[in-house]
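Notes for the structure review
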Amino acid sequence: MNCISHYLYVQSFSASFNSFFIYISDNDVDGETVDCGLTENMIAYLFDKSFKKQLKFRDFTHRNKEVTVTLEVVNPEQQTCEASVSPANQRLESTCHRLPAVISIPQFPQDVQSRLDAKEPVHKEQKYRNKIIGNLYDMLSQCTMYPTNSDYVQIVKALIGKYPFLRDVHGNGYHTWHSQLKRKFKTERAPLINNEEVKRVKEKFRQARSLKTPEESTSTCPKRLKPSLESCIVGEDATSVEAHIKVLLEQYRKLHPDMNLVKDRMMKTFAWRRREIAEGMSTEDLLRRYPFLRTSAGLCDEVDAMHPSPVNICHRISENFTSILPNMLKLVKDSPLKKLYMEAREDALAEDIKGIDFRGGLLLLPSIFKEKIEDFIMLGQKNPQTPYPTVQLKAQGLKFALSRQCQSVVNVEGIEVCSCTSVDEAFIAAFCMYFVFNMAYPGYLKKTLTFLQRLIANITGDGDKSLPVTVTRIVNLLR
């Protein structure tokens, strides 16, 4: 019997019970006495000279002897549900319970609570984060083991409201907490494989996944972003554009091209070029028509035209990345690549080689997102196995590339696009190619490239989603 049913039932017999109460209270008759059993003589003694009251009380105790009544203040609008008798299923069956309008965050374990009271950034240490999430899980799981998105948001907002210094640096402020709490529930539900509710939900998502078409991991064509045809072409037509392209081709053949003229013609053909890319022009044809996109400077200029800023993209990446470099290096775990970097850095101190920290940081960056630099930068003449931009170093090893200027080639879709003289120049050129050629980030490097775009290059688009939780967590640790 749920709380609402109890409440209505108690109201129905409360009048009768009140009439008996004055008699039984004076004779030390309580619930335990009634439960043990009252004889006919005892009832007659309680209600002397009234057969009617004796009959009513006997009937009352007979009907309600085995019912435990709990009086609670019940909100008529609040939805509740019956709890299962089985302890293993008790939480799972109460999925229709709604959280209260105002969430009260409970006290945390002493070691966590003392730090929270001192306003220490405990969210940067995983063991304290886990304890906080554990407490939130215990609290929310009392209502349901399948919280809705609004349930998660409500409880993590309450946490941030009480302890504002736990906010995420980027985004809505609670994205990492939201994600971690969801994972906690998923982990706790995993062992309950025999529960009917778990089976039902798993079957629902299994059917949904079976309807999706798997992506071709070995595709030779990169995934393209959704094209935009909103560029406004003013004062140019096919004839004038062809004339500008002719000038560009002539300048490209020169040993010392007039770069002012080149930039002017590239800007005049910019909107036309972006439309050609959006309409599906191949990379090979694009490079043939606009050969200055084969240079690292031309790629950077194109991105600056797409995403205007007072500071060009090369300087933005250099300045912003250098500012977080000390904290980033602290997050890098020991690895052969980090050992090479430390050795190259020690050698550089004796020879006063500049830029080694910047280059080393770029090479180590994917590791903090558990991604591999080998998927982006490779040594030797081996052909890239991916159509996405890759850097091919023509050096004896990464240690040499860190400490010296080294020749490199940036490839995309099997085409050698441009040559560079250093690993950092090639790194930035390859990054710019994603924008120039309208490519989506590949899954194996998505977190690293998203971090570079949003936090280092400060490039955002109208259709950009919120940062992945892994990236947001790293941002919290770097600031």
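Just so it is clear, the structure is predicted and the values come from calculations on it, not from any experiment. (Residues numbered from 1 in each chain as written. Predicted model: local features only at pLDDT ≥ 70, side-chain atom pairs only at ≥ 80, totals over all residues. Heavy atoms only, no water.)

All right, on to the overall build of the chain then. Of the regular secondary structure elements, the chain holds 21 helices and 4 strands. The buried share of the chain, taken over its 479 residues, is 42%. Restricting the contact set of the chain to residue pairs at least 6 apart, pairs at least 24 apart contribute 62%. (Helix = DSSP H or I, 4+ residues; strand = E, 2+ residues; numbered from the N terminus. Buried < 20%, exposed > 50% of the residue type's maximum accessible area, 1.4 Å probe, protein only. Contact = heavy atoms within 4.5 Å.)

Summed over the entire model, instances satisfying the criterion amount to 14 salt bridges. Across the pair Arg 115 and Glu 120 runs a salt bridge whose closest N-O atoms are separated by 3.8 Å. Given a relative accessible area of 35%, Glu 120 falls into the partly exposed group. The shortest N-O distance in the salt bridge between Glu 242 and Arg 289 comes to 3.1 Å. You can see Glu 242 sitting in helix α10 (residues 238–252) and its partner Arg 289 sitting in helix α13 (residues 283–289), a full 47 residues away along the chain. You can call Glu 242 partly exposed: its relative accessible area is 41%. Taking relative accessible area as the criterion, Arg 289 reaches 19% and is therefore assigned buried. By sharing partners, the salt bridges in this structure join Glu 242, Glu 276 and Arg 289 into a single network. (Salt bridge = Lys/Arg side-chain N within 4 Å of Asp/Glu carboxyl O.)

Mapped onto the secondary structure, Thr 386 falls in the loop between β1 (377–379) and β2 (390–393). You can call Thr 386 buried: its relative accessible area is 18%. Side-chain polar atoms of Thr 386 contact the backbone nitrogen of Tyr 388, separated by 3.1 Å. Within polar-contact distance, the side chain of Thr 386 engages the side chain of Tyr 444 at 3.1 Å. (Polar contact = N/O pair within 3.5 Å; in protein donor to acceptor, adjacent residues only side chain to side chain.)

With that out of the way, let us pick up the packing of aromatic side chains. Counted under the stated rule, the structure contains 11 aromatic pairs. Measuring from centroid to centroid gives 6.3 Å for Phe 108 and Tyr 163, while their planes differ by 55°, and the two rings are tilted. Placement of Phe 108 in the loop between α4 (51–64) and α5 (110–117) and of Tyr 163 in the loop between α7 (149–162) and α8 (175–189) is noted, with a sequence separation of 55 residues between them. On the basis of relative accessibility, which here comes to 6%, the residue Phe 108 falls in the buried class. Judged by centre distance (5.3 Å) and plane angle (75°), the rings of Phe 431 and Phe 435 are edge-to-face. One end of the pair, Phe 431, and the other, Phe 435, are both in helix α19 (residues 423–436), 4 residues apart, so they sit about a helical turn from each other. For the pair formed by Phe 431 and Phe 435, the shared burial category is buried. Members of the aromatic cluster, connected to one another through ring pairs, are Phe 108, Tyr 163 and Phe 165. The cationic tip of Arg 129 hangs over the ring face of Trp 177; the distance from NZ or CZ to the ring centre is 4.0 Å. The cationic tip of Arg 275 hangs over the ring face of Trp 272; the distance from NZ or CZ to the ring centre is 4.8 Å. (Phe/Tyr/Trp six-rings, centres within 6.5 Å; stacked < 30°, edge-to-face > 60°. Lys NZ or Arg CZ within 6 Å of the ring centre and 35° of its normal.)

A word on the packing of α7 against α8. For the pair α7 and α8, interaxial distance at closest approach is 9 Å and the crossing angle is 125°. One finds that α7 runs oblique with respect to α8. With respect to the hand of their crossing, α7 and α8 are arranged in right-handed fashion. For the pair formed by α7 and α8, the contact residues are Asn 149, Tyr 152, Val 153, Ile 155, Val 156, Leu 159 and Ile 160 on the first element and Trp 177, His 178, Leu 181, Lys 182, Phe 185 and Arg 189 on the second. Taken together, the residues of the contact of α7 with α8 sort by class into 9 nonpolar, 2 polar and 2 charged. (Axes fitted to C-alpha atoms, helices over the stretch in contact; angles between N-to-C directions. Parallel < 35°, antiparallel > 145°, perpendicular 65-115°, else oblique. Left-handed = near helix turned anticlockwise from the far one by under 90°. Nonpolar A, V, L, I, M, F, W, Y, C, P; charged D, E, K, R; others polar.)

Backbone-to-backbone hydrogen bonds pair the strands of a sheet. The strands run either parallel or antiparallel. Spatial strand order, β1-β2-β3-β4: 4 strands in an open sheet with mixed pairing. Every interior strand has two partners, whereas the edge strands, β1 and β4 (415–420), have only one. Ignoring which end each strand starts from, the neighbouring axes of this sheet average 30° apart. The strands touched by α19 are β1, β2, β3 (408–412) and β4; relative to β4, the strand with the most contacts, the crossing angle is about 140°. (Pairing = 2+ DSSP bridges.)

Bringing the packing of helix α14 (residues 296–306) against α19 into the picture now. Contact geometry of α14 with α19 gives a least axis separation of 9 Å together with a crossing angle of 45°. Comparing the axis directions of α14 and α19 gives the class oblique. Judged by the sense of rotation from one axis to the other, the crossing of α14 with α19 is left-handed. Touching Ser 296, Leu 299, Cys 300, Glu 302, Val 303 and Met 306 of α14 are Glu 425, Ile 428, Ala 429, Cys 432, Met 433, Phe 435 and Val 436, all from α19. When its residues are assigned to classes, the contact of α14 with α19 shows 10 nonpolar, 1 polar and 2 charged.

Let us look at the nonpolar core. In this structure, Ile 313, Phe 321, Met 328, Ile 377, Val 410, Phe 431 and Phe 451 are the most contacted members of the largest nonpolar core, which totals 79 residues. At 12 residues, α19 tops the list of elements feeding residues into this core. (Core = buried A, V, L, I, M, F, W, Y, C linked by side-chain atoms within 4.5 Å.)

Do not read the fine detail of predicted coordinates wherever pLDDT is low. Model confidence for the chain is summarised by a mean pLDDT of 78, while 72% of its residues fall at 70 or above. Within the chain, α14 carries the highest mean pLDDT (95), whereas helix α1 (residues 3–25) carries the lowest (45). Low pLDDT, under 50, characterises residues 65–74; the stretch is placed with 11 contacts to residues that sit more than four places away or in other chains. Every residue in residues 76–96 is under pLDDT 50, and counting partners more than four places away or in other chains gives 37 contacts. (pLDDT = per-residue confidence, 0-100.)

Take the pairing of β4 next. Judged from the 5 bridges that link them, β3 and β4 form a sheet pairing that is antiparallel. Bridge pairing in β4 places Val 412 opposite Ile 415. In sequence, β3 turns back onto β4 through a hairpin of 2 residues, with Glu 413 there showing a positive phi of about 55°.

The subject of this paragraph is the environment of Leu 402. With respect to the element layout, Leu 402 can be found in helix α18 (residues 398–403). Overall, Leu 402 belongs to the buried group, its relative accessible area being 0%. Remark: the alpha-carbon pair of Leu 402 and Val 423, spanning 21 residues in sequence, is separated by 7.4 Å. Those residues in contact with Leu 402 that sit more than four places away from it in its chain are Leu 340, Tyr 341, Ala 344, Ile 356, Arg 359, Gly 360 and Leu 363.

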